[in-house]
Structures are given as C-alpha cells and as structure tokens.
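Results of the structural survey
Single-letter residue listing:
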Amino acid sequence: MLILTKVTLALLDAANDKDSEVQEQVRKSMLTLGKQQSDRVLAMCQDYLTKHPKLVVSHRVVILQTIELIVGSRIEEISYPRIKSIISLASDEMTRSKEVVPDWQQAASNILVAVGNKHINDIMEEILSKFQPGVLPHFFVVQTLASLSDSNVYGMVPFLNAVLGTMLPMLCMAKQDNMKWVFSSALCHFSDSILEYLANLDKAPDPTVRKDTFSSEIYAAYDILFNNWLQSREPKIRLTVAEAVGSMSHLMASDKLEEQIPKLIPAMLSLYKKNSEHYIISKSLCQVLDASVNMGSRVLETQLDSLLVALHQQVCCPIDYSNPPTVKNHNEVLRCFSLLANSFPDRLVMFVLQKLENSNERSRMGSLAVLRHLINSSTSMMETKKLLILASIRQPMADHSNKVKKRVVQVISAMAHHGYLELEGGDLLVRFIVQHCALPDTIQEVTNEALRTMCDNTLHLLTTTVGRLADVLWPMLLYYLTPPQFSNATSPLCKSLIVLGSKKRNNQEASFNIDFTHRGHGAPSLSLLSVLSVNIHPSADILWEKEIPPLLFLYQCIGVTLQQCYNKEVVKKQLQEILLTARHSDTIEREGVAMGIGLCANSHLEGTLAKLDEFGKSDAFKKSPSIFNLLKERNDVEIEKVKSTLILCYGQVALNAPPEQILNRIDHDILRCISKHFNTKDLTMKLSLIQSVGLIAKAISECVKRQGYVFSRKQELIAVMLDFIKAEPADTLRTPVRHLVMTTCANLMYPSLITVRSSNMVSFHNLGALLGRLSPRCSDPHPAVRTAAVDCIYTLLYIQFRQNLRACLHYLCLSLYAHMCLSVCVSLCVTISSPVCVCQQLTTLVFMLFEGLVDSQTNCCRAASVILNTLLKNRGAGLQELVPEMLEVLHLRLQTITEEQTVLILATQHLQTVINTLINQPLPYDRYPHRFTHTLIFKCASLLDNRKESMMRAVTTKVATNQPLAVSHTRHCQHFRHPVALRILLARAQLDEVVKKLDQDNAWDAMKEQNTHTTGVTLLARAMAKHAGPRLPSIVECLCPCLNNIYECQRITVTAFFSELLNHHVVTELLLMDVLMNNMMERISDPCCTVRMLSVRGLGNIAVGSPEKVLLSDIVMYKYCTPHALSDNDDIRCASILLLGNLSKFGSGEPVFKDQIHNVLVSLLLHLVDPNPQVVKACKYAMRVCAPVVGSDQITAMFQNHLHEDKSLHYGEFINDLTKYLVRLSHTPI
C-alpha cells in the first residue's frame, strides 16, 4: 500500500509536465493503478486537488481526466461514498470559476457524465441544485445536462420535463452569445434523446411516456429560438439554433407545426445564403420535412416550388470528398428529395426531368444525382414513371462532358437493378455502356480512361449481380463484338459473356443455346477464327492446334473411343472410314485425323500401323479411281495433301503409342514410311514431315528416360531438316519452315543430351562466338526469347566448365528469369569474363559483341554495350595488340550508334595506342574520330597534359566540319574539367572575338564549377549573341531536342544558354524568338527547379531583348509566374517576381495586366518580409514598376518613395498606411 501511495503521488506530480506524451503516459499509468485500487487512487486524486487549490489549469485537467478514466472503467466497483465525494468534487471544479475555462470545466463535466451512466439520480440532485429557477446557470451546468441526455437516454428523459420547465424562463434571461449557444445545443440534445426514448418504448423504464408530454414546453422554447435567436449575427448561433429547431419539430403538436411551416421553411432556406456551412441547415430542413410529411401537412405543397429550387441548387454544388461536411450535405439534400417524392411524386419527377434538359453541366449532374437517388429509394412511387424516365435519360446520354456521362452511367446502373433495362428502349442504355467501354484515352478532368474503367466495372456488376438482366444481355452483348467502333470494348464484353454463358450452361437454361447452324454459320466461323488466331494473341495459334479442332470434328473423341474398343475389326473399319472420308485439303482436319489415329494407337499399335501401311499402298495415292470406289480421281495436289495426312498420322502414332512398344517400331515401321517423301518440294508435305519428325523425337525423348536406346538415324534427320532450311529464300521469312525446323532439331538433340554423362562432355571450340550471339538476347523485349537465351547460356557454360560454375550459374539464371535487366547483364558479363570461362576465346567474344551493337532491337544493343564495356574493364588489359582493330570496328559501327564509353575504357588501359590510332586517321577527319578525340579530352584530361598542344594542333588543322561541334560544346560543357575542348571548338570555328570575351569574363573557370556553371554558360551565350550571331540558328536547332533529355545537367545547360539569348535583339532578327520563347514556356513545368528558374528568367529577358513580344506573354504571367512566386525555391521566387515587374512595364494599358497585377498584389506585399533578401529586393522592384497599373496616384507615389532595394522598410507602418489608402479608394477596382 505504501508503494502504491508513493507511486501515485509521483505520477500526480508528473502530471504537470508540459510534454503531451508524458501527460498521456501519466493518465495510462494512473488508470492501471486505478483498475487495481479504484477507491484508494481516486481518494488520493481528490486529496491532491484539495490540498493544492492553486494548481495550474493544465495540471488540474490531467488529474480530472484521470478520475474520468478510472470512473468510466470501474464504475461498478467504486464504493457509494466515494461516488458521492467524486460528484461533489467534480461539481465544485466545474463551477468554481464563473468565467468559462473550457479545458478545466469540460474535464470536470466529463466526470459527472461518466458517473451519471450508473448514478443518474445522484448526479441530477447535484446538477439541479445549481440549476435553480430565476437564476442564469453556469455554462457547463447546461452543457452537462445536454451530455447526460446523450450518454444515458433512459435515465435522463424522465427528468427532462422538469428541466424544460425550469429552463424556459432562463431563455429570456440569456443575453450573451455563449449562453444562447449552449441553451440551443441542450434543447437539440434533449429533443434527440426524447425521440430515441419514444422510438424504443419497449426497452424504456416508463413505457407510458408520450410525445405530448413535452409538446407544450418544446413549442415554447421553439418560439423563443425561432423568433429571436435564429436571426443572430453570429453564424455559429444561427446554425445551432437551426439544428435545434429541426430536432424540436418532431415533438411539436401537429397543429402548431402546420401553423409554423409557412414561416419556418422560408426561414430555413434563407440560411443557405447567410452561412457557408450548409450541412446543418440541410439536416435540419430534412427533419422539418420528415415531421411535416409524417403528419400529412396540407400547407407544405405551397412551399414546394421554393423548396425544389433551393434543394436543386444545393444538390448541384460540387462534392469535395476530402471535406466530409460537403458529402454529408449532399446526402441530406437527397433525403429531402426522397421525402418530397412520397407526397408529391408527379411534380417532383417532372421538375427533375425538366432540369435534365438544361445543358449546364453542374445542373445536369445534380439532376442525375437526384434521379438516381429516387430510382433507388422510391421504387414503388417510380414504377409508373419508368417509360417517361427511359425517354428523358436519352438527352443527357448525348452530353459531351465526361462528368455528366459518369453520372449517366450511375443512373443506368440504378435503373438496371429496378427493371428499366427490360423495357422497350433499355437496349439503348446497354449500348451506351458498351460504347463507353470502347473509349480511347484522353486528358481531361474526368479522363476517357476513368470513364471507360467505370463502364467496364458497371458492365461487370450488371452481369454478375443483376440476375434479371441475364436474358437481356445474352446474347445481346455478342452483337457488339464485331463492329469496329466497339473494338476497344472486346475485353469487358468477353468477360461478361463468359459469366453469362457459364451461368446459363451450368443451369441448363434453354436460352443458352444460340442457333449458329442457320445457313451453316458454325464451321466457317470457327475456320475464320483459326485464320485469325495469331491476330488475337501470339500464343493462340498453338492453342487452336491443340484445343479448338474438336469443335469442327470429333476425331479426338473417336480416337479415345477406339482406345476402349476391344473388337479389332471394328477398330480397323473405323480407321478406314476416317482416312477415306476426311477432307485432306483442310489443314485442321488433317491434324484432327492424325490425332484421332494417334490416340487409337495407344491401345491398338499393331492394327493402326498395319492400316496406315495398307492405306499408303492403296489407290488413294493414284490418279485412277480407287478400289473402294469411294474416292474420285485426284490430281497431284490432292495426292500431296493425302500424303501429308499420312505423314502426320505416323508422327502422332509415335507420340501416343505405349513407350515400351514404340522404340522397336521407329526405324522399320515409321521412319521407313515417311523417309521416302524427304525429297518433296510441296510446302504442305514439308511442314507435315517436319512436324512428324518432331513428334517422333519427342516420343523418343520420353522413352529414353526409362530405357536405353541408340537413335541411329538422328544425323540423317538433322541433315534433312537443314536441307529444308537451305531451300528457303534467304531474304524473307514467308513460311513457318525455319521455326518448325529449329524446334524439331532441338527435339532431336534432346535425347542425346540427356543420355550423355558429365564426364563425356566435349568443350565448344566456338564458345566465344556463341556467347557473343546469345548474351545480348538476355535483354530481348520478347520474354520467350529472353528465357531461351538464358537457358542456352546456362547449358553452354555448364557443358564447358562442368561442376565448378554450377552454383554461380544457377543463381545467375534465377536472377535473369526474375529481372531481365541490364544490371543482370553485367552480372552475366562478370561470369563469362572470368579467366576460367573465356580462356583463348576472348577475342571472338569481343568482336561478336561489336556486331550486337547494331542489333535491330534497342534493348539488345544496350545489353551488348553493357556486357562489352564490363568485359573490357575486366580483361581489356591483355588486348593491346587488338586495340587498332577494335577502334576500326567501332569507327564503322559509330556511323549508326554512339558508343564512346568503350573508347574510354580502352584509353584508360592503352592510352598511347588509342591516341596514336586516332591521330593517325587519314585526313580530313570525319565526325567520328573527332568525337573520340573530344571524349578523351573531357574524360581523361589528367592523362593528356603532355599531349595537349599536339592534340589541339591536330584537331584545329584537320577537322573539316563544324556543325556537330557547335552543338556538342554546349551539350557537354557541364562536364568540363579542362577548358581545352571548348577553346579547340571556338578556335576551329574561327570565333576569336568570342574567345577573347570569355577570357575577359573568366567564363572558363565559371563553367568548370558546378555552382557557377550556369553563369559561365550565360557568358558564353552573351558572347555568341554579340560576336557569332549567324551561327546561332543551327546551334539552336540542334540544341532544342536536348531540352527533353533525361539528364538534368544537359537541360540546365541548354536552358541557361537559351535564357541569355532572349536578352538580345539578335534572336528577333534571326527569327528565333518564337522558338526560344516556346521552349522556355515548356520548361516552366520542368521537374528540375534550376531549369524552371532559368526558364522564368528567360521569359523575363524578353522584355529587354524583344519588348514588342511582351504582350504575347501575358498568359505566362497569369499561369506560370504567379504560382512560382509562391515557390519554396528562393531563386524561382526571385526570378518569377522580377518577370512580373518586367512584363508590367509593357502592359499598363491592357485590362488583362491590371487584373493580373491586382491578383498578385497581396502575394507581393507578403514577400516584402521574405527571409531571402534577394526576393525582397525583387518584390520592391516589381511593386515600383507595377504601381502605375494599380490605378492610384497616391499608392504609386508611396511605392516609388518607400520601396527602394537598398533601403530598409518599416513593414508595419507601410502596411498601415497602404490600408488607409485602400479604404479611402474603396470605390476603385482595388
């Protein structure tokens, strides 16, 4: 107990800590102790407060909050004497100060409310002692009564009649706004509690309580609130009174309410104009309407027109979902419409439908929201108006606004759930949904993409949740699959049709069956799908070959059936029938026949092979009539097709026959029969042969896993496959022969690979060439190609180096499967460039990667570049003899690519060799050796000091063209570590005056440093504008694309260059003004703040360089400068404000400039005390220049006299004086 006392006292002392987290922890700790020793801890809290009457308010509040927590959690366990003392303490704390101290008195009030949940009689005894007739009570006494009515409805309502009787005279005594507010709030809570009590009389302690028990007191209170307080100037009081009136309306006598409706409703509607917060007003209005409708008011109809107009204005207000009151207001307004619909359905529906005809977007959206709500909430009332609504909804369906269309979709969804779409004209609503499922993407406030997604979801919702629509949507949605205007809606249409079709099929509904046999539609439709399969999806062709053929013929089914048949004669007869009646000219049917016969061979191998042999020798392959008298005379083409079927059949037999039986029949019975056709020229037979050999190879692959087998004819078959490829045209891929042959060869190789042991593996003599070909494909855009490339590399390296690289390669391949990115290619390169891997084949690998630099796939080019550079970094030191040859190859490749990094890597390892090779190029130099040379200068300046002069002489005298260099010097100057390159460029261009000017301004040093780089570029642009004007058009043309470069540094350099050019009139003479100005406007929204600052500066420079263009930039001031004047970046704020000042010089006579200056005046005044001195100076300058535009001579003089950049400003006095001027000139536009 002693420990408890000490701990409790320590916590009570700690409650005075100013840190809110510490206070919270004290409350939690005290609650923990209070749950164990409630009476003891509460007694100590009371004693502490009694012994320390002068505690600061915050300290007392924490202790009172602690008492509330303990009482709230342990009310059942606290002794009655302690409860009485707690009540006395809380009452005293709450009313000790006559002034309102919210935190302190609210904490005490909360204790009384917590105790009142169990001991309401004791609480009311204490409260009523301080709530005496004729004496205005303490604010928190009334507040506590209101809170008690909320927390303990059944305990409090029996006291309310007496409380109201005592309160009514007090209402006339309340003169202060806070007392009016608390009385109004209390009456609202009392009314709500009474209504809840009456709604749950079965649970109430006194079920005899009736509404008329309180009616007279409530009406008396209403009379004071409505006639006196509702007109208060204080918005908070008006809203609280309105809320109370709404709750009290349900308790007023019917005749009294009927009498008040003509005055009450107009008064409530007028509050919309007086208050910015509308939720409370709409809620109260809804309660008044509810009470009026429930009692069957007759005078309500006289207010209907004004109600509908006001409510429609509210429902048309935009909803801000980040601001909950606006959402609540919208919902309350819709409830008002529902209530009115119950009494005046015809007038309400006609009003809404007439509003739909208004083309105003906001009005139409509000009307649609009401219509949707009525459809959902007033089903029975709307039943007779369905056709009228269906007809009226067509007008907003034609609206061009996507916002309106979204609301239309919501209305259609509601209509679908209530049977509208089954009526005549409902198909147009379905068409509207499908039409907007097919929208293309656009950029709007509500994008086509958002609307399309909404329609997709709506169509899916209607399909899955509205069962009554199944017969409407099926098969209607099928009709929208083929028209081209609905092509983008194919995916949602198919998803819905799948759901509908599956449900109908599973339920065996008669409506599921669609007559596709009419005029023979079925088979041609499926045949067309076969032709279009690749267009549907690249993998669909394979799927068709495996899955779709059974839809056209039942050969697979026949084959499976024959598997189970034990009568050999029946099997033989059916096989004969299949072979004779098949349409061998049809590709799909040929494959179907082969599959059926192959499946049959699973149980009847001997009989199937015998029948195929017999059919191969029959008259079916002759031109004369067949012995079966069933086949007509065939020409050569038909015979080739029959042979193709037979060849495919042998392949399927091999694939489906029992593994333990087929190996012995491969050579003698299968390959013998198909090998006689290897010399065919017919494409169909070639394809059948390739497929059949591939199927045979697959069959052998499965068999050799279980038993040994030597495939003696493998080499012969591979040779035949290669002959097929050689016979194909070298320049085109007109047939699928190559792809099929490669797949078949892989299948032929697989049986050999899986039977070879690791110890018998033979190394590849051309490993480098193979790796060079395959490794760039690891970044191929096609996933299947990437996967195949990784598999090949894994297998190559595993065969070459056995077990020592297995773990590494396994991890590498997993990474490649997961990522397929250039960084993984680097990991691959590190693996294949290790000494144990490449050995003597490094040279072949490097030169093969050079070939990859010009691959047709950009991703593969990048991969080749990354791997090549990493490879040279790791192994390039040993390749000195090959450097000239590598540079020559790169020289040739650089005609179409940019690969300077490789040259740099070689230079770091073999500098002298690289320099000698480049300088010894034949004259004159073209642009590519020149690029090498400058790259070395930029990146390797520290290594070139001893060769600098010779390099400069060589480049200056040998280079023949200058345009590429005129661009590259600006493009790369942010990377300079040595100014020699720029000097070379300018010397070669014979721009001595530019060089001289840059020397005088120390521009070289400025460009080298990052923090002064833009200053250096500005000096360069200034010199070029003055001394090299004719060169600027080509430079600007070549630099413009760099403004969209992904590298921030390049955008900064080019923007700085262009920004300074706009400061010179020469760009106007050269017709460059529009190009430069448009580029600066585009860069205003650049993600880099430096680029944005430079672009704003450039637009400001227009005022100096081309003042006649300034008026074209007024939109810039309004759209761009004003937001950037509020930027967090000091430089951008400064540049934007200066631009405002410069532009205003030329717009004083334009109304648009006056409006814009008035809009930004407040911002400029605020920035006069900006923490950045440069921004303050810019503000002073801009305000002095803008002063004439303001329109006041006194303000202009004031700005001119007080706003000097080098003088201090007494901000308070300045604002005070300016305000006085503004007040005097209140009639002006200011």
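Residues numbered from 1 in each chain as written. Predicted model: local features only at pLDDT ≥ 70, side-chain atom pairs only at ≥ 80, totals over all residues. Heavy atoms only, no water.

As annotated in an unreviewed UniProt entry, the chain carries the name Maestro heat-like repeat family member 1 and is attributed to Myripristis murdjan.

1. Describing the environment of Asp-427
Tracing the chain through its elements places Asp-427 in helix α23 (residues 426-437). With a relative accessible area of 37%, Asp-427 lands in the partly exposed category. Sequence separation between Asp-427 and Leu-473 is 46 residues, and the spatial gap between their C-alpha atoms is 8.8 Å. (Helix = DSSP H or I, 4+ residues; strand = E, 2+ residues; numbered from the N terminus. Buried < 20%, exposed > 50% of the residue type's maximum accessible area, 1.4 Å probe, protein only.)

2. A closer look at helix α14 (residues 279-294)
Between its terminal C-alpha atoms α14 stretches 22 Å, which fits the 22 Å expected from 16 residues at 1.5 Å a residue. For α14, a buried count of 13 out of 16 residues is recorded, marking the element as mostly surrounded by other parts of the structure. Count one or two residues on from α14 and you reach Gly-296, which has phi positive near 70°. (Expected span 1.5 Å × (residues − 1).)

3. Let's talk about the packing of α14 against helix α16 (residues 324-343)
One can describe the packing of α14 onto α16 by two numbers: an axis separation of 8 Å at closest approach and a directional angle of 20°. When the axes of α14 and α16 are compared, the pair comes out roughly parallel. In this structure, α14 crosses over α16, and the sense of that crossing is left-handed. Contact with α14, carried on its side by Tyr-279, Ser-282, Lys-283, Leu-285, Cys-286, Leu-289, Asp-290 and Val-293, involves Pro-325, Lys-328, Asn-329, Glu-332, Val-333, Arg-335, Cys-336, Leu-339, Leu-340 and Ser-343 of α16 and no other residues of that element. Taken together, the residues of the contact of α14 with α16 sort by class into 10 nonpolar, 3 polar and 5 charged. (Axes fitted to C-alpha atoms, helices over the stretch in contact; angles between N-to-C directions. Parallel < 35°, antiparallel > 145°, perpendicular 65-115°, else oblique. Left-handed = near helix turned anticlockwise from the far one by under 90°. Contact = heavy atoms within 4.5 Å. Nonpolar A, V, L, I, M, F, W, Y, C, P; charged D, E, K, R; others polar.)

4. What about the nonpolar core?
A general feature of soluble globular proteins is that nonpolar side chains tend to end up buried together. Formed by 179 residues in total, the largest nonpolar core has its most connected members in Ile-67, Met-167, Leu-171, Leu-340, Leu-371 and Leu-477. Broken down by element, the residue count for this core peaks at 10 residues, all from helix α9 (residues 153-173). (Core = buried A, V, L, I, M, F, W, Y, C linked by side-chain atoms within 4.5 Å.)

5. So, the packing of helix α3 (residues 38-51) against helix α4 (residues 57-74)
Packing of α3 against α4 leaves a shortest axis separation of 11 Å and a crossing angle of 160°. The angle between α3 and α4 places the two elements in the roughly antiparallel class. The hand of the α3/α4 crossing is left-handed. Between α3 and α4, the contacting residues are Ser-38, Val-41, Leu-42, Cys-45, Tyr-48 and Leu-49 on the first element and His-59, Arg-60, Ile-63, Leu-64, Ile-67, Ile-70, Val-71 and Arg-74 on the second.

6. Topic: helix α32 (residues 587-600)
At 3.6 residues per turn, the α-helix brings residues three or four places apart onto the same side. An ideal rise of 1.5 Å per residue puts 20 Å on 14 residues; α32 measures up with 20 Å between its terminal C-alpha atoms. Within α32, 13 of the 14 residues are buried, which leaves the element mostly enclosed by the surrounding structure.

7. Focus on the packing of aromatic side chains
Taken as a whole, this structure holds 10 aromatic pairs when the rule is applied. Summarising the aromatic geometry, the rings of Phe-847 and Phe-850 are spaced 5.5 Å apart at their centres and angled 80° between planes, so their arrangement reads as edge-to-face. Of this pair, Phe-847 and Phe-850 both sit in helix α44 (residues 842-852), 3 residues apart, roughly one helical turn. We classify Phe-847 as buried; its relative accessible area is 18%. Linked through ring pairs, Phe-139, Phe-140 and Trp-181 together constitute an aromatic cluster. Note that Lys-236 overlies the ring of Trp-181, its terminal NZ or CZ placed 5.1 Å from the centroid. Sitting over the face of the ring of Tyr-420, Lys-386 holds its NZ or CZ atom 5.3 Å from the ring centroid. (Phe/Tyr/Trp six-rings, centres within 6.5 Å; stacked < 30°, edge-to-face > 60°. Lys NZ or Arg CZ within 6 Å of the ring centre and 35° of its normal.)

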